[in-house]
Amino acid sequence: MSDLLPELWLRGVAFNPAAPSDVLIRLMDQAAGDLGQLMCKDRDLPDAVIDAALRHPEWRIRGALARNQHVDPPRLAPLATDPSGLVRARLANPHLRPWPHWVRPLPDDVLVTLLTAQDGGEDGKVTANEIIWELDSSRQIPLSFFRSMAGHEDPALRIRATWRWESLTPAQRAGLLDDPDPAVREAAQGRNWELDPERVEAELPSIRPSSRPFVLGRCALSPALVEQCFADDTVHPLARNPHTPADAVARLARHSEAKVRAMVAARPDLGPDLVAELRKDPDEDVRMRARLHPFPRTWIEYDVIDRVIGHGPECICPITEPDPDPATLPSPDWFAACAVSGEPVLRRVAASWPGLPAELVKTLAQDDDEEVRIRLACNHPLAPPHLLLDVFVTHPDHRSDLLTLPGFPRTGLTHLIGHPDPEVRALAAADPTLPRPPVDDPDEAVRRAAAANPSLTPEALETLLTTPRTAEGAAANPSLPVPRMHALLDRCLNGAATPPTAAGRREATPA
C-alpha cells in the first residue's frame, strides 16, 4: 500500500463538501499537519467549525481562518481582538497573491476595533500601526466608512477620516479643520495641503519620486507647477487630475502624444469646442473617448469609464465591492443608458455593474461585443448559466472566479468530456448526471474530479480509495459515508498506512 494514501485521504476529506462538522474539526488536530490551516483558509465551513477555529489554541489555525474568503466577514469579528497580532494582521489584509476578483469590505465595528487597538497583540510580532497599514492597503475599508468617521466621538477615528481627505464633503473637511481636538486639527491641516496649490508646490520636492505622479494626478496644482510639468514633459498625471486648470486642459487636448489627448478627451470639464476638435482627431482611441463625452457628466462617471477602458477581455484586476454610499457611484439611470449605448465601451461599463436590471442583463448576454459578455459573466449575479459556461471554456484566466458563482452550471456538461483542455474535462467529470465518470483520464485533475463525482456508489469508491491516482478524489466524494470518513481519519491520524476494511468500519461505528 502506497505511503501517499494517508495524506491523500486527509486532503480529500478536508475538502469533501458533505463532511460534517465533527469530521472537519478533527482535521484541526496537530497530527493532521498543515492540512487544518489549508482547510480553514480555502473552503466554506459550517458554523460549528468556524467556532472551533475561532477558539483554537494554535494561532496558525485562527490566522488561516482570518484569510478565508468564504466566511461572512461578521463571523470573523472576534479575530480583531485576537491575542496574536499575526492573526489580526491576517484579518486586516488577508489577500495572498493573486488578489481575489472581489475584495469584500470589513464591517464597521471590525474596522473600528482594528483602527483603535492600543497594541499589536500579546505575541509582540507586529505593532498596532503595522496592522493598521496592512488594513489601509487591503481595500477592505469603503469610502463610506471614512465619511462616517468624520463625526465620530473618538478623536482617533476622526483622525482616520482625514486619510481620504478628498472623499469627504466640504462641510466635513471644514469641521475637521476646526475640530475641538488639537490632534484632529493637526491631522486635517496635514491632509488639507492636497487642496492648496502653493503647499503642493512646496511639498513636492520632499516627496519621493515614485509618489510624485500620484500627487500630480490628484492634488491642486499651482500655475508654476503646471508649467514645470510641461517643461519636463511629465504631463500624463495632469490629464486625469480634476484640479488641472482649464488653460492647461486645452493645451493637453492638443498635445503631440495621442495617449495624453485620449485621457483628456472624456474629461467632464472639457468644453464643447475641444470635444468637437477631439472627435476629429487622427487617433481612433482619442475619437472614441471624445464620442463618450455626453456620458461622463461627473468625475465619478469619468472614473468608472476610465477603469474599464484599456482593460482587455482577460483582465482579472481586483474589484472592490460597491460602496454602500450612493454618492460614490453613478446613478442606476446612467448605467442603464450605458447599457443601450452604441459604444461598446459604455456597454462594457454597464456590464461591469452588478446592479443592472434583469432585462438589460438579458440583452447584454447576447451582445455582439465579446468583452461585454465576459464582463457581464464575471460581474453580474444574474448572468445566465450558458454565458458563464461559455466564458469558462473560452477564457481560462476567469475560471477560478467563475467557479465561485452560485449560478455557475454543474450539470449538462457531458458534451465537454472529450474537450482537449484538461480543466474543461475536469469540470465535466464532476457532472453528477454523467453516466461513467472518467476515472482513468490521463490528467490528474480530471481523475480527481471524476473520483469525487457523487454519482459513484460507495462500493465503487472503495476501489478508488486504494490507488494514489484516485484516492484524494474518492475521499472528497460527497457520497462517501460519514462513518467511512471517520474511519479514514482514525487510520491517518493514528499513523496507519492502510484503509480499514468494511468490517472494521462497522466495528468503528456505534450501532
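Rules of the game
Residues numbered from 1 in each chain as written. Predicted model: local features only at pLDDT ≥ 70, side-chain atom pairs only at ≥ 80, totals over all residues. Heavy atoms only, no water. Phe/Tyr/Trp six-rings, centres within 6.5 Å; stacked < 30°, edge-to-face > 60°. Helix = DSSP H or I, 4+ residues; strand = E, 2+ residues; numbered from the N terminus. Buried < 20%, exposed > 50% of the residue type's maximum accessible area, 1.4 Å probe, protein only. Lys NZ or Arg CZ within 6 Å of the ring centre and 35° of its normal. Salt bridge = Lys/Arg side-chain N within 4 Å of Asp/Glu carboxyl O. pLDDT = per-residue confidence, 0-100. Contact = heavy atoms within 4.5 Å. Polar contact = N/O pair within 3.5 Å; in protein donor to acceptor, adjacent residues only side chain to side chain. Patch = residues over 30% accessible without salt bridge, like charges linked within 9 Å, V, L, I, M, F, W, Y side chains within 5 Å. Areas by Shrake-Rupley, 256 points an atom, 1.4 Å probe, with all protein chains shown as cover. Lys, Arg positive; Asp, Glu negative; His and termini not counted. Charge placed at Lys NZ, Arg CZ, Asp CG, Glu CD. 1 Å grid on protein atoms, 1.4 Å probe; cavity = no way out; pocket = protein on both sides within 12 Å on 5 of 7 lines; lining within 4 Å. Points joined across faces, edges and corners; volume = space filled by probe spheres on them. Axes fitted to C-alpha atoms, helices over the stretch in contact; angles between N-to-C directions. Parallel < 35°, antiparallel > 145°, perpendicular 65-115°, else oblique. Nonpolar A, V, L, I, M, F, W, Y, C, P; charged D, E, K, R; others polar.

A. Representation of the packing of aromatic side chains within the structure. Per the counting criterion, the structure on display carries 6 aromatic pairs. Each ring, one from tryptophan 133 and one from tryptophan 163, has its centre 5.6 Å from the other, and the planes form 15°; the classification is stacked. Taken together, the positions of tryptophan 133 in helix 8 (residues 128-136) and tryptophan 163 in the loop between helix 10 (155-161) and helix 11 (170-177) put the pair 30 residues apart, joining distant regions of the chain. Judged by relative accessible area, which is 8%, tryptophan 163 ranks as buried. Plain terms: the ring middles of phenylalanine 145 and phenylalanine 146 are 6.0 Å apart, the flat faces sit at 75° to each other, and that makes the pair edge-to-face. Taken individually, phenylalanine 145 and phenylalanine 146 each receive the classification buried, so the pair is uniform in this respect. Chaining the aromatic ring pairs together yields one cluster made of Trp334, Phe335 and Trp353. Just above the ring of phenylalanine 230 sits the side chain of arginine 251; from NZ or CZ to the centre is 3.9 Å. It is arginine 399 that lies over the ring of phenylalanine 392; its NZ or CZ is 5.0 Å from the centre.

B. Quick look at the pattern of salt bridges. Within the structure shown, the criterion is met by 31 salt bridges. Between glutamate 371 and arginine 375 there is a salt bridge whose closest N-O contact spans 3.3 Å. Here glutamate 371 pairs with arginine 375, and both are found in helix 25 (residues 370-379), just 4 residues apart, close to one helical turn. A residue is classified by how much of its surface remains accessible, and glutamate 371, at 8% relative accessible area, is buried. Judged by relative accessible area, arginine 375 falls into the buried class, the value being 13%. Three or more residues joined by partner-sharing salt bridges are found here, namely Arg240, Asp285, Arg289 and Asp306.

C. Representation of the confidence of the model for the chain. Counting all residues, the mean pLDDT for the chain is 91, and 94% of those residues have values of 70 or more. Note on residues 496-511: pLDDT is under 50 here. Beyond four places in sequence and across chains, it has 23 contacts.

D. Seen up close, the side chain of asparagine 477. Locating asparagine 477 in the fold gives a position in the loop between helix 31 (471-475) and helix 32 (482-493). For asparagine 477, a relative accessible area of 0% translates into the label buried. Within the structure, the side chain of asparagine 477 is placed 2.7 Å from the backbone oxygen of asparagine 453, a separation counted as a polar contact.

E. Spatial organisation of helix 28 (residues 422-429). With 6 of 8 residues buried, helix 28 is to be regarded as a mostly interior element. Looking at helix 28, one finds that the buried residues are Val424, Arg425, Ala426, Leu427, Ala428 and Ala429. Elements that come into contact with the buried residues of helix 28 comprise helix 26 (385-394), helix 27 (399-402) and helix 29 (444-451).

F. Here's a closer look at a negative patch on the surface. Judged by side-chain charge, Glu314, Glu370, Asp390 and Asp397 come together as a negatively charged surface patch. Assignment of secondary structure puts glutamate 314 in the loop between helix 21 (299-308) and strand 2 (319-320). Of the residues examined, glutamate 314 reaches a relative accessible area of 33% and is grouped as partly exposed.

G. How the structure looks around empty space enclosed by the protein. Under the criterion given, the structure shown has 2 cavities of 30 Å³ or more. Of the pockets and cavities examined, the largest cavity occupies roughly 60 Å³. Around the largest cavity, the lining residues are Ala66, Asn68, Gln69, Pro73, Leu76, Leu91, Pro94, Arg104, Leu106 and Gln140. Of the voids in this model, the second largest cavity is the one considered here, and its volume is about 30 Å³. If you tally residues by element for the lining of the second largest cavity, the top one is helix 21, at 3 residues.

H. The packing of helix 23 (residues 344-351) against helix 25, seen in detail. Where helix 23 contacts helix 25, the axes come no closer than 8 Å and their chain directions differ by 10°. Taken together, the axes of helix 23 and helix 25 lie roughly parallel to each other. Residue-level contacts link Pro344, Arg347, Arg348 and Ala351 of helix 23 to Glu371, Val372, Arg375, Leu376 and Asn379 of helix 25. Among the residues making up the contact of helix 23 with helix 25, the classes are represented as 4 nonpolar, 1 polar and 4 charged.

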